[in-house]
Amino acid sequence: MSNSRTPEILVTGGAGFIGANFVRRRLASDPGARVCVLDALTYAGNRESVADLESDGRLHFVHGDIRDGELVLGLLRERSIRTIVHFAAESHVDRSILGPDAFVDTNVVGTHELLKAARTVWLDEAPGTHRFHHVSTDEVYGSLEPDDPAFSETTPYAPNSPYAASKAASDHLVRAYQHTFGLETTTSNCSNNYGPFQFPEKLIPLVLMNMLAGKSLPIYGDGSNVRDWLFVEDHCRGIEAILERGAPGRVYNIGGLNEQRNIDLVRLLCEVVDGRLSGDAELAERFPDCPASRGDRCDSLITFVKDRPGHDRRYAIDATRIENELGFRPVETFETGLAKTVDWYLANGEWCARIADGSYREWIDRQYAERTETFPNQPKRVAR
Ligand code: NAD
Ligand code: DAU
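Per chain, residues are indexed from 1 in the order of the written sequence. Going through the entries in the order they are written, you letter the chains from A and number the ligands from 1. This being a predicted model, a pLDDT of at least 70 is required before a residue's local features are given, and a value of 80 or more before pairs of side-chain atoms are given or counted; all residues contribute to the totals for chains, interfaces and linings. To obtain the side-chain values, all non-hydrogen atoms of the structure were used and water was disregarded.

Draft legend 1. Geometry of the sheet that holds strand S9 (residues 226–231). Pairing is mixed in the open sheet, where three strands are placed in the order S7-S9-S11. Edge positions in the sheet fall to strand S7 (192–194) and strand S11 (259–261), since each has one partner strand and no second. Direction aside, neighbouring strands of the sheet carry axes that sit 50 degrees apart on average. By this definition, two strands are paired if DSSP reports at least two bridges between them. We count a stretch as a helix when DSSP gives it H or I for four or more residues in a row; a strand needs E for two or more, and each element gets its number in order from the N terminus. Of the strand pairs in this sheet, S9 and S11 are connected by three bridges, and their pairing is antiparallel. Bridging from a neighbouring strand, Val226 pairs with Arg261 of S11. Axes here refer to lines fitted to C-alpha atoms; in helices the fit is confined to the stretch in contact. Angles between the N-to-C directions go from 0 to 180 degrees.

Draft legend 2. Geometry of the pairing of strand S8 (residues 217–220). Three labels apply to residues, based on accessible area from a 1.4 Å probe with only protein chains included: buried if under 20% of the type maximum, exposed if over 50%, partly exposed otherwise in between. Going residue by residue along S8, you find Leu217 and Ile219 tucked away on one face and Pro218 and Tyr220 tucked away on the opposite face as well. Two strands pair when backbone bridges link them, and S8 and strand S12 (residues 302–305) are joined in this way by four bridges, in the parallel orientation. In the sheet register, Pro218 faces S12, and the bridge partner there is Thr303.

Draft legend 3. Spotlight on the sheet that holds strand S1 (residues 9–12). If you trace the seven strands from one edge of the open sheet to the other, you get S3-S2-S1-S4-S5-S6-S10, paired in parallel fashion. The strands lining the two open edges of the sheet, one partner per strand, are strand S3 (59–63) and strand S10 (251–254). For this sheet the average axis-to-axis angle between neighbouring strands, irrespective of direction, equals 20 degrees. Both strand S4 (residues 83–86) and strand S5 (residues 131–137) contribute to a ladder of four bridges, which runs parallel. Across the sheet, His86 pairs through a bridge with His134, a residue of S5. Any two residues having at least one pair of non-hydrogen atoms within 4.5 Å are treated as being in contact. This element, helix H3 (residues 69–78), spans S1, strand S2 (35–39), S3 and S4 of the sheet and lies at about 180 degrees to S2. Each of S1, S4 and S5 is contacted by helix H5 (residues 101–125), which is oriented at about 165 degrees to S5, the strand it contacts most.

Draft legend 4. Representation of the pattern of salt bridges in the model. In the sections that follow, a salt bridge refers to a side-chain nitrogen of Lys or Arg positioned within 4 Å of a carboxyl oxygen of Asp or Glu. Evaluation of the coordinates by the stated rule reveals 24 salt bridges. The partner of Arg58 in a salt bridge is Asp56, and the shortest N-O contact between them spans 3.0 Å. Of the residues examined, Arg58 reaches a relative accessible area of 10% and is grouped as buried. A cluster of three or more residues bridged by salt bridges with shared partners is formed by Asp65, Arg67 and Asp105.

This is how it looks when you write it as structure tokens:
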């Protein structure tokens, strides 16, 4: 049911992992909220992730590309949109190494098309209150050594992968449109997310779905790379805090206060799955190939594989600004977040089965089979 007092917002990439969680949360928490999703439904986009929300008319789904400037202009004008929350991106580091072009096209050119349309409508045609929120990543800051201080909003940019470089470029465009034209923007740079609806090319859903299928759990290098993990709903809460109380032109880092080595994380995930499946006859029957279903341990599937080229050693977020200025802190612990994530993947077999269809499995199998040949020489890390 629509409520004319709550203006509709445009969410780009709302059929992807974080975008879908954001849309679901927004519509659930405010009965008057309305959302227009613009999503190109790439391999990573799934309309099913939000399809159940379309029935009451509060979610308007547009299957289209953010690079289509005319389409974006039309949406802003016709739907009187004054807020954009911009998630749409090519988001996987490994794919950016295999094929960087799509990352420049969507992340740089696409973001610029959105900024141009917002400037035209919000500054030239119908000036007034507006907000462009750009969802970015901590990867723009590069890589930390073990004893380095965490990334703050003033850490110099030093992106290392084509993905990170394309996100850095988009951050700079957003900043320039604020500084030069007066477009009211905010940017959040967030650490690694995990939770429901994540595409299983990323570490947590990949190893989770692999262990349930009895397949090997590929760990890049020696598994000592560190990431700062945040439950996706906490990220969405952080973005809401910025939309409600963030100052135009301000950048906010969002993190999980939760640094984990990859190998420790995967072992922990194995323990959670071992615990869920052992002694549960119904789950054991559904996942007969999972070692835990026959009383073995999932960590027996761990396999060390050739490292990712240029693999960033460590990410960590200093979230002082968003905590002090907006009062935001994550509410989920790693234990509760992981438990919710495992339970969601166990309960949503249909979603997983649709994702893990032939084309996905083919891509993953080829990716790991080719790893050794594709990346024979690990390049030196870029000096900072
Ligand atoms: P995702 O890959 O799961 O989803 C991306 C979505 O964007 C998909 O629905 C896809 O169809 C859509 N999309 C791609 N190209 C498009 C285009 N040209 N036009 C319209 N839609 C297009 O990504 P995610 O993990 O949900 O990440 C969302 C955003 O958050 C990205 O900007 C990413 O850089 C950022 N981010 C992600 C993480 C993380 O851990 N996943 C952390 C920090 C920041
Ligand atoms: O830090 C935020 C970023 O986090 C986001 O901007 C990106 O969109 C998101 O993909 C994520 O990037 P990472 O490269 O850190 O995430 P990924 O899940 O691909 O990998 C996490 C860590 O696990 C990383 O050190 C690489 C390692 N890894 C990953 C995969 C897919 C493995 O060891 N094995 C794997 O099979």
